[in-house]
Number of protein chains: 2
Amino acid sequence: MLIAEPLQKAIEELSKLPSIGNKTAQRLALHLLKTDKDNVDLLVKSLIELKEKIRFCSVCFNISVEDTCDICKSQKRNRAQICVVEDASDVIAIEKTNEYNGLYHVLGGVLNPLEGVMVDSLKIKELMARLNSGEIKEIILALNPNSEGDATSVYLINSLKDYPVKISRIARGLPIGGDLEFADSATIGRAFIGRISVQ
Amino acid sequence: MLIAEPLQKAIEELSKLPSIGNKTAQRLALHLLKTDKDNVDLLVKSLIELKEKIRFCSVCFNISVEDTCDICKSQKRNRAQICVVEDASDVIAIEKTNEYNGLYHVLGGVLNPLEGVMVDSLKIKELMARLNSGEIKEIILALNPNSEGDATSVYLINSLKDYPVKISRIARGLPIGGDLEFADSATIGRAFIGRISVQ
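The structure presented is a predicted model; accordingly, all values stated were derived computationally and were not measured. (Residues numbered from 1 in each chain as written. Chains lettered and ligands numbered in written order. Predicted model: local features only at pLDDT ≥ 70, side-chain atom pairs only at ≥ 80, totals over all residues. Heavy atoms only, no water.)

A. The overall build of chain A, seen in detail. Scanning chain A from N- to C-terminus turns up 8 helices and 6 strands. In summary, chain A has a C-alpha radius of gyration of 22 Å against a globular reference of 16 Å for 199 residues, an excess of more than 25%. Structurally, chain A occupies a C-alpha span of about 70 × 45 × 35 Å along its principal axes. Residue burial in chain A is summarised as follows: out of 199 residues, 40% are buried. (Helix = DSSP H or I, 4+ residues; strand = E, 2+ residues; numbered from the N terminus. Rg over C-alpha atoms; globule rule 2.2 N^0.38 Å. Buried < 20%, exposed > 50% of the residue type's maximum accessible area, 1.4 Å probe, protein only.)

B. Expanded view of the sheet that holds strand E3 (residues 78-85) of chain B. Residue and element names in this part refer to chain B. Ordered in space as E4-E3-E5-E6, the 4 strands form an open sheet in which the pairing is parallel. Looking at strand neighbours, the two that pair on one side only are strand E4 (102-106) and strand E6 (166-169), the edges of this open sheet. On average, adjacent strands in this sheet sit at an angle of 25 degrees to one another, irrespective of strand direction. In the sheet, E3 pairs with strand E5 (residues 138-141) via 4 bridges, with the strands oriented parallel. Its bridge partner lying in E5, Ile82 is registered against Ile139. Running over the sheet, helix H6 (residues 124-131) touches E3, E4 and E5 and is turned about 150 degrees from E4. Where helix H7 (residues 147-159) meets the sheet, its contacts fall on E3, E5 and E6, and the angle it forms with E6 comes to roughly 170 degrees. (Pairing = 2+ DSSP bridges. Axes fitted to C-alpha atoms, helices over the stretch in contact; angles between N-to-C directions. Contact = heavy atoms within 4.5 Å.)

C. Focus on the pattern of salt bridges. Residue and element names in this part refer to chain A. Applying the stated criterion to the full structure yields 20 salt bridges over all chains. Between Glu135 and Arg79 there is a salt bridge, with the nearest N and O atoms lying 3.8 Å from each other. Taken together, the residues Glu135 in the loop between helix H6 (124-131) and strand E5 (138-141) and Arg79 in strand E3 (residues 78-85) connect sequence positions 56 residues apart. Assessed through its relative accessible area of 22%, Arg79 is described here as partly exposed. Residues participating in the shared-partner salt-bridge network are Asp150, Arg169 and Arg172. (Salt bridge = Lys/Arg side-chain N within 4 Å of Asp/Glu carboxyl O.)

D. Spatial organisation of the side chain of Ser46(A). As for its placement among the helices and strands, Ser46(A) is situated in helix H3 (residues 37-53). Filtering out sequence-adjacent residues up to four positions away, Ser46(A) remains in contact with Lys9(B), Ala10(B) and Glu13(B).

E. Looking closely at the relation of the copies chain B and chain A. For these two chains of identical sequence, chain B goes onto chain A by a turn of 180 degrees and a shift of 0.0 Å along the axis, with RMSD 0.1 Å. Such a turn and shift between the copies fits a two-fold axis. Looking at the rotation axis and the C-alpha trace of chain B, the residue lying nearest is Val44(B), at 2.9 Å. Taken together, the interface assignments show that 100% of the residues at the interface of chain B recur at the interface of chain A, consistent with an identical surface on both copies. (Least-squares fit on C-alpha atoms with pLDDT ≥ 70 in both.)

F. Highlighting the interface of chain B and chain A. Contacts between the two partners involve 53 residues from chain B and, on the opposite side, 53 residues from chain A. Each partner contributes to the roughly 4,800 Å² buried at the junction of chain B and chain A, and carbon and sulfur atoms together form 77% of this total. Counting across the interface, chain B meets chain A through 2 salt bridges. Note that Asp87(A) is salt-bridged to Lys34(B), the shortest N-O span being 3.2 Å. The interface formed by chain B and chain A holds 10 residue pairs in polar contact (both at pLDDT 80 or more) in total. Only helix H1 (5-15), helix H2 (22-34), helix H3 (37-53) and helix H5 (88-97) of chain B provide two or more residues apiece to the side of chain B that touches chain A. In terms of residue count, the dominant contributor to the side of chain B that touches chain A is H3(B) (13 residues). Classifying every residue of the side of chain B that touches chain A gives 30 nonpolar, 9 polar and 14 charged. (Buried area = accessible area lost by both parts, 1.4 Å probe. Polar contact = N/O pair within 3.5 Å; in protein donor to acceptor, adjacent residues only side chain to side chain. Nonpolar A, V, L, I, M, F, W, Y, C, P; charged D, E, K, R; others polar.)

G. The arrangement of the pairing of E5(B) in detail. In E5(B), alternate side chains face the same way, and those of Glu138(B) and Ile140(B) on one face and Ile139(B) and Leu141(B) on the other are all buried. In this view, the connection linking E5(B) to its parallel neighbour E6(B) by way of H7(B) has right-handed handedness. (Right-handed = clockwise from strand over helix to strand, strands pointing away.)

H. Structural detail: the domain arrangement of chain A. Here chain A is described as being made up of domain 1 (5-53) and domain 2 (75-197). Domain 1 of chain A and domain 2 of chain A are separated by 35 Å when their C-alpha centres are compared. (Domains from an automatic or database assignment.)

I. Seen up close, the nonpolar core. The biggest cluster of nonpolar side chains holds 45 residues, and the ones touching the most others in it are Leu7(A), Leu14(A), Leu50(A), Leu7(B), Leu14(B) and Leu50(B). The set of elements that each furnish at least two residues to this core consists of helix H1 (5-14), helix H2 (22-34), H3 and helix H5 (88-97) of chain A together with H1, H2, H3 and H5 of chain B. Every residue in contact with Leu14(A), bar those within four places of it in the chain, is listed here: Ile20(A), Ala25(A), Leu28(A), Ala29(A), Leu43(B) and Leu47(B). (Core = buried A, V, L, I, M, F, W, Y, C linked by side-chain atoms within 4.5 Å.)

J. Representation of the packing of aromatic side chains in the model. Residue and element names in this part refer to chain A. Under the definition given, this model contains 2 aromatic pairs over all chains. Residues Tyr100 and Tyr104 carry aromatic rings whose centres are separated by 5.3 Å and whose planes lie at 70 degrees to one another, so their mutual orientation is edge-to-face. Neither Tyr100 nor Tyr104 differs from the other in exposure class; each is buried. (Phe/Tyr/Trp six-rings, centres within 6.5 Å; stacked < 30°, edge-to-face > 60°.)

K. H5(B), seen in detail. Those residues of H5(B) that fall on the buried side of the exposure criterion are Ala88(B), Asp90(B), Val91(B), Ile92(B), Ile94(B) and Glu95(B). On the buried face of H5(B), the contacting elements are H1 and H2 of chain A together with strand E2 (63-64), helix H4 (70-73), E3 and E4 of chain B. Directly beyond the C-terminal end of H5(B), a positive phi value near 60 degrees is found at Asn98(B).

L. Structural detail: the pairing of E5(A). Where E5(A) lies against strand E6 (residues 166-169) of chain A, 4 bridges are found, and the strand directions are parallel. Bridge pairing links Leu141(A) to Arg169(A) in E6(A).

As structure tokens, this is what we get:
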């Protein structure tokens with residue numbers, strides 16, 4: 001017996017999602033088959049609205065319901081700081097900390113020539129354009145601590161050196177709750193380089 | 001900043017799926033935001049069709065596009081055997097082995113009084129009804145080897161003892177590729193009880 005065609009089709013589409021393999025997709029599809037139609041309708045509606053209602057902010061390229069996102073419009077935020085991140089998910093992660101109150105700029109990726117991500121694929125020109133207004137005093141680079149993130153940070157530091165802005169990079173070091181004994185040497189090394197004087 | 005409402009809604013709905021937590025749901029939603037609208041449309045369409053086109057076979061309660069499933073209609077299958085399984089996913093798993101050519105009966109669960117699954121919630125009456133035709137000669141119990149599956153098997157064996165059918169249970173023992181040294185003692189014990197004479 002082949003799996004009934006509509007089920008097969010749903011499994012195929014679900015398994016295209018990241019981190020969903022064929023077995024998980026099959027479990028999800030069979031679960032949806034068994035649940036109330038109302039629940040599946042809610043899911044379907046939320047996916048349709050996700051694509052219809054959400055766009056990218058024309059200023060910072062964060063996700064937004066309107067042309068400009070809530071953060072870019074807010075007068076309560078520190079409009080002299082821009083935090084540069086790779087992805088909209090990084091904005092969510094940083095917002096959850098309640099430690100940052102400035103603006104954002106979502107690059108939409110990091111430089112990765114092997115995968116064809118070059119300078120022009122990222123929103124770097126748009127970042128430069130925002131600096132021309134003169135309102136921005138500090139750029140905080142918050143890219144992921146890996147080789148592509150580092151390469152992109154170095155590229156941005158070089159490109160921004162003629163602008164009258166302070167440039168900083170978020171700290172690397174031991175994660176809170178981490179264990180020195182089990183940390184990798186690159187992390188411990190960075191924690192030494194970035195040590196903060198306390199007295 | 002709160003997460004934009006349509007995104008929040010999609011994350012909520014996705015995280016209702018089994019084995020999808022909040023973080024995975026967020027990753028999936030952000031992935032869908034970035035992919036082409038065509039791909040999301042395909043996914044949405046497949047989910048709608050899954051619910052619209054698939055129903056449960058009126059004979060064996062396996063998933064089916066028509067009122068009676070392909071297996072129940074087929075004249076190439078051995079119509080004297082019924083394999084009793086918990087779920088439609090078990091039918092798919094057994095069909096993949098190509099070792100079984102009889103019919104199926106999907107119970108829709110196993111007895112689990114703590115979760116409110118009693119005899120009436122399962123398709124046990126319907127199984128008895130199928131036996132009344134006299135066409136069936138063997139019932140093969142292929143429920144999962146755990147306490148609920150075992151309890152359900154015992155219940156079925158008792159309920160079926162007045163019917164003139166052979167009842168068997170699929171073997172328990174060491175899984176192919178498994179290692180005796182690392183198998184749990186219940187499995188090794190079962191493998192001894194179920195030993196097969198070879199000479």
